[in-house]
Amino acid sequence: MELEFVPVDYDYFDFEGRNYVRMIGRDGDGRKICVVDSYDANFYLVLREGYGADAVIDKINDIEVSKGGRTSKVLKTEVMDKHFLGEKVVGIRVWISNHKDAHEMISLMGDMEGVDFRREWDIPLVTKYIKEKGVEPLVWCNVETGDHDVLRTVEGLDVADVYFAESIAPMKNGEKFVPKILAYDIETTGREIGEGEILMISYCSGNERGVISWKGIDDAPEYVEIVEDEAAMIERFCEIVRENDADILTGYFSDGFDLPYLKARADYYKVVLDLGVNGRGPSFARGRIPSGKVAGLVHVDLYRFVDAVFSQYLQSETLSLNEVAGELVGARKEDFDFARLANMNESDWRDFFSYSLQDAVVTHKLAMKLWPDVNEFCHIVKEPVFDVTRDRMATHVENHILHNLDRFDEIAERRPGHGETNERKMKRRFEGAFVFEPTPGFYEDIVMFDFTSMHSSLIVTYNICGQALRPSAGDDRYTSPEFELDGHDTRVYFDKKVGFFTTLLSEIVDKRKEAKLAYAQARGVGVSGCRGVGSSSSTNDLCNSKNREPVISKAELNMFKARSNAYKLLANATFGYQGFYGARYYSREAAAATLAYVRKLIHDTMDRISGAGFKIIYGDTDSIAFLSDGKSREEIIGFLKEINEEFPGIIELDLEGFFDRGIFVAKRDSKVGAKKKYALISIDGKIKIRGFETVRRDWCGLSRKLQDRVLRMILTEGDEKGALKLVRDVVDKLKSRDVEMEDLMIKTKMKREVDDYVTAGPHVAAARKMIEGGVRVGVGTFVEYFVGEGSGKRVGDRVFLAGERVKYDVEYYLGRQVLPAVEGIFDVFNIDINAEVKGERQEKLF
DNA sequence: AGCCACTCGATTTT
DNA sequence: ACGAAAATCGAGTGGCT
């Protein structure tokens, strides 16, 4: 029979000495089903030039590996014309009976005469399956089902039906798959996994929501279900999860907390944490934070996705659910003071239930918000949801490459070995980008240009990749600018013939442009009817031309935005990927050369702009700021167009903006202009603050807020005298001890374990205090402290945690926080803020 | 004890 | 374990006077 199927989750297993891929997903009727497909593990032996395949094949056919009660052998071989790093090679594709033995098999085929090298044995089986069969995650396909003994192994699964795929192929115009998402959250008495009890579990999948608890009160809200005890609560939760029949189970930091905690408590009570379809508990993969996997229900830890993919684009200072959800979905968690736990009355419990439910609701909202992004990443890098939500950018870049190699008949490069990564890590750093040293001052009428995806467009334009690297110059080669590598000046050369690496990157850049345009146009349509849709190309045809009504749904709009964003992130990460020690396609020369091109381009462009009579005031990597010098905006834009025509390849300079005023300050204790530290106000009144203490989380709120207000007053009103008054007010408040403790807290993130610090700064002292108080502090923990009065010489001796009844140190906050934050700004106006404040002190004395 | 040069460590910018 | 380097700046450290 035939059926429609969308795969969501993948894994593989052995049956009678062979590998099978097991997929869980939905059929056309929305039933959760399991589809099993046969897939044999395989790899390539690449032949040495001049050697034939027959002798090699004869030899490997005899190789067997017996291990763990199974015997792996060669099933089949095929001689194929392939490419490796763009060069033609002859490969023997070898199919074997078990992927788990691939590594062992390959080592037995090591020093074989005629075999140059071996590849693709280190690619996960599921990745190879998706790549080769085109059965992509979240893409509908047609399955021709059939009988097979292997179905015995999946008969017990808690799904609507199980099928064996006789054949399987993606559908041409499948619908978009919308998953059912169930969010959950637990409240516990302990902070460590398994230490203490779970008091309640909350869940939310849209309208279906509730809290299960064994801490009964007489009139609990109707959404609370009270059960006998903790074990019963865990079992009831499993039951609810299974009945809910979601595709995705999601939590926030649930890999690191909720799921392992549940598992530990379930183990303690000897009940099965049976959340999935196989009647067994979750499994945890190795790693710094072990990934929790539930069979047939994709467990997604949203924190990990946000951390890996989104964090650098968020304003949030911590990645707490509260902050991230606040920023992304405008939803805040409820507050609950955990100190109340010690002594709870009925009303406290009601608050706690409500708080817990809200956590699950907010997590669900966040999951719905991020789904378009997860979905796009899945479609682009063609890896399952489970992996896409946990992989870092470098892995995304690599997976995107791996899944597209077949179009180039390319055999994949291998992953570097341990020794190799260590060797790469040991290598010296290479020179990075160029930053222009600004002259401190207050400027007016500023223009800023910046290059769009500068590194990526240079890589594409000059074919900068390891594959194209050549030892000498030539007509068919690009010659890089001169740069220093490992102590001597050098140039490198790249063949002009494009290969898969730069082709794929240029596709990413194109698709990003396409999605960005579609998004912009769709938004135009959505906001004020059908307009600005001039092109007739299919991606731009977003209007129903008959009735001129917008036909773009909000979901589609979000899709374009997510797609544009995913391609942008992928493009931006590609440069870093080439210089990343763990990369299959690592090329230190390419990474260093890219930076040499980056420096040359910014210098040449700066010369071009100043050559046209403009005064450059700043620039960093890919941006240039200069004074418009009375020229109109139209003239500037015309000038930009003119320069753009002179760039080679896909290099493009963009208008970042026009700014009415801007301030650049000097480095501390110096007259030299500080780099990466400036504030601008754009012509529409938007303020852009970069690098200042205002935007640094390791400064106290008092200094940050004051500096922000000072900068704003100076930029919007040009009123440094008014700003001076702001400082005086704060100084007075500080001295009269009128400042809220909250504004004096200094927050830092631990970058290593407490004992691993060579020099122990104040935050380490604070961390030690926290540990004394029973808090576990490790890498990633946020430490908050204030500096109080005391005799200690070091700041670290006067560090106190929130709630400690110690007077704050006025001198410290004045001299080390408040004044330093504004000193440089007033210097620009020749105002000595220290003298001003001291003067005030003198006046008071008199 | 105080100054100075230096290193360490956290954070931000691109 | 899972993109890159440039840059600022506070705090601590150890040698010197």
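Residues numbered from 1 in each chain as written. Chains lettered and ligands numbered in written order. Predicted model: local features only at pLDDT ≥ 70, side-chain atom pairs only at ≥ 80, totals over all residues. Heavy atoms only, no water.

*Asks:* Help me understand the overall build of chain A, please; the structure alone is not making it clear to me.
*Replies:* In terms of helices and strands, chain A carries 21 helices and 32 strands. On C-alpha atoms alone, chain A measures out to a radius of gyration of 31 Å, which is about the 28 Å that the 2.2 N^0.38 rule sets for 846 residues. The dimensions of chain A, computed from C-alpha atoms along their principal axes, are 100 × 85 × 70 Å. Per-residue burial for chain A yields a buried fraction of 52% across its 846 residues. Look at the contacts in chain A between residues 6 or more apart in sequence, and 66% of them connect residues 24 or more apart. Taken as a whole, chain A presents about 39700 Å² of accessible surface, with 45% of it coming from carbon and sulfur. (Helix = DSSP H or I, 4+ residues; strand = E, 2+ residues; numbered from the N terminus. Rg over C-alpha atoms; globule rule 2.2 N^0.38 Å. Buried < 20%, exposed > 50% of the residue type's maximum accessible area, 1.4 Å probe, protein only. Contact = heavy atoms within 4.5 Å. Areas by Shrake-Rupley, 256 points an atom, 1.4 Å probe, with all protein chains shown as cover.)

*Asks:* Even after reading the chapter, I still don't get the environment of aspartate 797, so can you show me in this structure?
*Replies:* Residue placement: aspartate 797 occurs in the loop between β31 (782–787) and β32 (799–800). The partly exposed category is assigned to aspartate 797, whose relative accessible area is 38%. As a C-alpha pair, aspartate 797 and isoleucine 552 span 245 residues in sequence and 61 Å in three-dimensional space.

*Asks:* Mind showing me how you'd approach the protein's contact with DNA strand C here?
*Replies:* Taken together, 31 residues lie around DNA strand C, and Arg392, Gly432, Arg668, Lys677 and Tyr812 are the ones closest in. If you look at DNA strand C and keep only atoms within 4 Å of the protein, 88% of those are sugar or phosphate atoms. Here a phosphate oxygen of DNA strand C and a side-chain polar atom of tyrosine 812 are 2.6 Å apart. At the level of elements, α10 (393–402), α14 (554–578), β28 (673–682) and α20 (810–827) are the ones that each hand at least two residues to the surface near DNA strand C. Across the surface near DNA strand C, the residue classes tally to 13 nonpolar, eight polar and 10 charged. (Near = heavy atom within 4 Å. Polar contact = N/O pair within 3.5 Å; in protein donor to acceptor, adjacent residues only side chain to side chain. Nonpolar A, V, L, I, M, F, W, Y, C, P; charged D, E, K, R; others polar.)

*Asks:* Got a minute to help me understand the protein's contact with DNA strand B in this structure?
*Replies:* The immediate surroundings of DNA strand B are formed by 19 residues, with Asp622, Tyr678, Gly691, Tyr757 and Val758 found nearest. The share of sugar and phosphate among atoms of DNA strand B within 4 Å of the protein is 91%. Between DNA strand B and tyrosine 678 there is a distance of 2.6 Å, counted from a phosphate oxygen to a side-chain nitrogen or oxygen. Between a sugar or linking oxygen of DNA strand B and a side-chain N or O atom of threonine 759, the distance comes to 3.3 Å. When residues of the surface near DNA strand B are traced back to their parent elements, those giving at least two are β28, β29 (687–690) and β30 (746–749). Split into classes, the residues belonging to the surface near DNA strand B amount to five nonpolar, four polar and 10 charged.

Spatial relationships are all this shows, so hold off on functional conclusions.
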